[in-house]
Amino acid sequence: MLFLRPLSALITATILTACAEPAPLPSAIEQLADEYLEAWMQEDALMGTYYAIEGSRHDELPDNSLAGLAAWQEKEDAWLARLEGIPTPTEIGSRDWVTYGLLKEQLESAASTRICRDELWAASTTTSWHTWIPFIFDIQPLETPELRAQALTRFAAMDTYIDNEIDNLREGLRLGYSAPRVTVEAVPAQVRSLIGPDSIFLGPALRSDDAAFSEAAEQIYHEEIAPALNRFADFIETEYLIKARETLAVSDNPNGEACYPALVRGFVTVGVPAEEIHAVGLEQVAKIREEIQVTLDEHFGGGDVSEFLRRVNEDPAFTFDTEEAVLQYSTDALNAGKAAMPEAFGVLPKADVLVKPYPEFAESGSGEYHSSSEDGTRPGIFYIAVADPTGRSISNQLATLHHETFPGHHLQGAIALELGDQQHPLARYLWNSGYGEGWALYSERLADELGLYPTPLDRIGLYSDQIARASRLVMDSGLHTLGWTRQQTVDYMMANSGWAPVDIQNEIDRYIGWPGQALAYKIGQMKMLELRGEAETALGEDFDIRAFHDHMLGAGALPLDILAVSYTHLRAHETLRYLVCRL
């Protein structure tokens, strides 16, 4: 039992009272954020389903028509003008300060990237609608007659959505926009893989025990959705591919020279010149190659780094035999990751996460996370690449697992969704690549600190993932600003990652078709490591890794510059209050 003298007790009581701040009164920022969130949930009609937001309807698809997009952009401009008329909050870390920063970044980024006209050339195996929209039907709620009626309404809207995509891409071609041909060639086959008895669109009909609903859903699929899928595949095959550009750089689209820096700023949330990105990438690749060489010398008899990174995908001693073995390896490692999390985090999410193989229509992916529900009852899903198992190294599996699940995307995203009233609801749903992917790459290194790479081969996989993300800085900037060819990029990544050749081919097409996004990982990670290093230096033995991580995750996906200001201010001015509040 702790006894305090009267003065000490008074001081402690005063600090603890300060910790229990009353709920803030509605402010101009709060009201604007409320208005934006309500409209955003209507515009992005899938959001309520993805996050299982209470009270949401599940009967619409987003309006992807060009007229609908223009109407939404007018609203964004009006909200941004209103936000700029509100004085910037001065209390760093306050609810209004966080909300203002999140909303400002969201609106400014949306406005600045319009120059790229993404809606007119989203046709690649990474960016096309078919790589993400179908997943919604895997989680479509069906528990009540009303929910099943909403599902049928959403099904019936699918053919219009697909036809709008055809119209948008056709308009893009007319105006001179297209995705590079090489990134689109596999799309017709992927889309046609959505047609058949195992189609994800038929999932709700198969899941439901309501015979009338299942019959109606199957009828919509066969009479409306399947024909629309064929129309889209035929359009790409007979009309789009013959007109798609052969060149790779986004600069070859209209306004492409201005598009690339806008995309970098939009994805990363800080502006970094392409030449600086390229130089930092080369420097980081060299550093990580040194780490790999040390591990080779200590555990694998030395040798050339690039040769060994290829060997781990070719030597049967380092690869899988079957697709089932790929899946099981990650599933087994997930439990160890979960058990280690209390060592590094004070706050953990309620929601669980599952590992599933990619369905055929999305099997060109290299691993991705799909969100848990807001209340934590529906688990997140980590979709894992299992194709070509004999060419897929065991070494890379754990780093990817920790990137996507614990302590990476799932932990961060689920904590944000479960914030409750700690921040404005926008903090639960807004996300940016600089923070989100930066955190996930940081998490790969954190997993090493927690002993989650038990063998030297696993650590090679960690370094392989790290150097691959550093290589992206070199390759993405090279492709879009320095005239790099596809083969030049493939060769560079083959020499500087242990990823499977099939994944490297898919990854290169991703960088070509989705400029700028791949930069966010390494740049975001470097900012987080910088903040942690500064904190460890300043606090010395008082540095608390769990407190550091809880703060980093405690306000949602903050833009990198706001995250830096928030943590620096906390460390400099509120250390005593922060530590006492955590008691």
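Everything here concerns the structure above.
Residues numbered from 1 in each chain as written. Predicted model: local features only at pLDDT ≥ 70, side-chain atom pairs only at ≥ 80, totals over all residues. Heavy atoms only, no water.

K.L.:
I would appreciate a short explanation of the pairing of strand 3 (residues 380-384) in the present structure.
P.N.:
As a general feature of sheets, a regular strand has side chains that alternate between the two faces. Of all five residues making up strand 3, five are buried, and the element is well covered by its neighbours. In strand 3, alternate side chains face the same way, and those of G380, F382 and I384 on one face and I381 and Y383 on the other are all buried. Note that strand 2 (residues 368-370) and strand 3 share three bridges and pair antiparallel. What sits directly across from E368, in strand 3, is Y383. (Buried < 20%, exposed > 50% of the residue type's maximum accessible area, 1.4 Å probe, protein only. Helix = DSSP H or I, 4+ residues; strand = E, 2+ residues; numbered from the N terminus. Pairing = 2+ DSSP bridges.)

K.L.:
Any chance you could explain the packing of aromatic side chains here in plain terms?
P.N.:
For any two aromatic rings, the description comes down to two numbers: the centre-to-centre distance and the angle of the planes. This structure, assessed with the given rule, holds 22 aromatic pairs. Ring geometry for W72 and W79: centres 5.2 Å apart, planes at 65°, overall edge-to-face. Of the two residues, W72 and W79, neither departs from the other in class, the shared state being buried. On the numbers, 6.1 Å between centres and 20° between planes, the contact of Y358 with Y383 is stacked. With Y358 in the loop between strand 1 (353-357) and strand 2 and Y383 in strand 3, this pair connects stretches of sequence that are 25 residues apart. When sorted by exposure, Y358 lands in the same class as Y383, which is buried. Here the aromatic cluster, defined as three or more aromatic residues joined through ring pairs, consists of Y36, W40, W72 and W79. Above the plane of the ring of W121 lies R245, whose end atom (NZ or CZ) is 5.8 Å from the centre. Seen from the ring of Y521, R472 lies directly overhead, with NZ or CZ sitting 4.4 Å from the centre. (Phe/Tyr/Trp six-rings, centres within 6.5 Å; stacked < 30°, edge-to-face > 60°. Lys NZ or Arg CZ within 6 Å of the ring centre and 35° of its normal.)

K.L.:
Would you explain the state of the cysteines in this entry?
P.N.:
The bond known as a disulfide is covalent and runs between the sulfur atoms of two cysteines. Within this structure, the stated rule accounts for one disulfide. Here C116 engages in a disulfide with C259; their sulfurs sit 2.1 Å apart. Residues C116 and C259 are joined by a disulfide whose S-S torsion is about 110°; by sign, that bridge is right-handed. Placement of C116 in the loop between helix 5 (95-112) and helix 6 (145-175) and of C259 in helix 10 (residues 256-268) is noted, with a sequence separation of 143 residues between them. Of the residues examined, C259 reaches a relative accessible area of 1% and is grouped as buried. (Disulfide = S-S within 2.5 Å.)

K.L.:
Would you explain the packing of helix 2 (residues 28-43) against helix 5 in this entry?
P.N.:
Angle between the axes and distance between the axes: these two values describe a pair of packed helices. Following both chains from N to C, one finds helix 2 and helix 5 inclined at 45°, their axes separated by 10 Å at the closest point. It follows that helix 2 is oblique to helix 5 by the angle criterion. In terms of crossing hand, the pair formed by helix 2 and helix 5 is left-handed. Packed against helix 2, whose contacting residues are I29, E30, L32, A33 and Y36, the element helix 5 presents R95, D96, T99, Y100, L103, Q106 and L107 at the interface. When the residues that make up the contact of helix 2 with helix 5 are grouped by side-chain class, the tally is seven nonpolar, two polar and three charged. (Axes fitted to C-alpha atoms, helices over the stretch in contact; angles between N-to-C directions. Parallel < 35°, antiparallel > 145°, perpendicular 65-115°, else oblique. Left-handed = near helix turned anticlockwise from the far one by under 90°. Contact = heavy atoms within 4.5 Å. Nonpolar A, V, L, I, M, F, W, Y, C, P; charged D, E, K, R; others polar.)

K.L.:
I keep staring at unusual backbone geometry and nothing clicks. Help me out?
P.N.:
Comment: phi is negative for the bulk of residues other than glycine, and the bulk of peptide bonds are trans. Put simply, F406 and P407 share a cis peptide bond, and its omega is 5°. Here P407 shows up in the loop between helix 14 (397-404) and helix 15 (409-417). Notably, A52 is not glycine yet its phi reads approximately 50°, a positive angle. By the secondary structure assignment, A52 is in the loop between helix 3 (47-50) and helix 4 (66-84). With a phi angle near 60°, N255 is a residue other than glycine that sits in the positive phi range.

K.L.:
Looking at this model, I keep getting lost on the environment of A228. Mind explaining?
P.N.:
The residue A228 is located in helix 9 (residues 211-240) in this model. On the basis of relative accessible area, A228 is assigned to the buried category, the value being 0%. Residues in contact with A228, not counting those within four places in the same chain, are D159 and I162.

K.L.:
What should I look at first to understand the packing of helix 21 (residues 520-539) against helix 22 (residues 545-553) in this one?
P.N.:
Where helix 21 meets helix 22, the axes come as close as 12 Å, and the angle between the chain directions of the two elements is 135°. The angle between helix 21 and helix 22 places the two elements in the oblique class. As helix 21 packs across helix 22, the resulting crossing turns out to be right-handed. Counted together, M528, L531 and R532 of helix 21 and I545, F548, H549 and M552 of helix 22 form the full contact between these two elements.

K.L.:
So what exactly am I meant to see when it comes to helix 17 (residues 433-449) here?
P.N.:
Along an α-helix, residues three or four positions apart point the same way, because every turn accommodates 3.6 residues. In this model, helix 17 (17 residues) spans 24 Å end to end at C-alpha, consistent with the 24 Å of a helix rising 1.5 Å per residue. Helix 17 sits mainly inside the fold: 14 of its 17 residues count as buried. Between the side-chain oxygen at the start of helix 17 and the backbone nitrogen of G434 there is a gap of 3.2 Å, and the oxygen is on N432. Of the residues flanking the end of helix 17, it is G451, one or two places downstream, whose phi is positive at about 75°. (Expected span 1.5 Å × (residues − 1). Polar contact = N/O pair within 3.5 Å; in protein donor to acceptor, adjacent residues only side chain to side chain.)

All we've got here are geometric facts, nothing functional implied.
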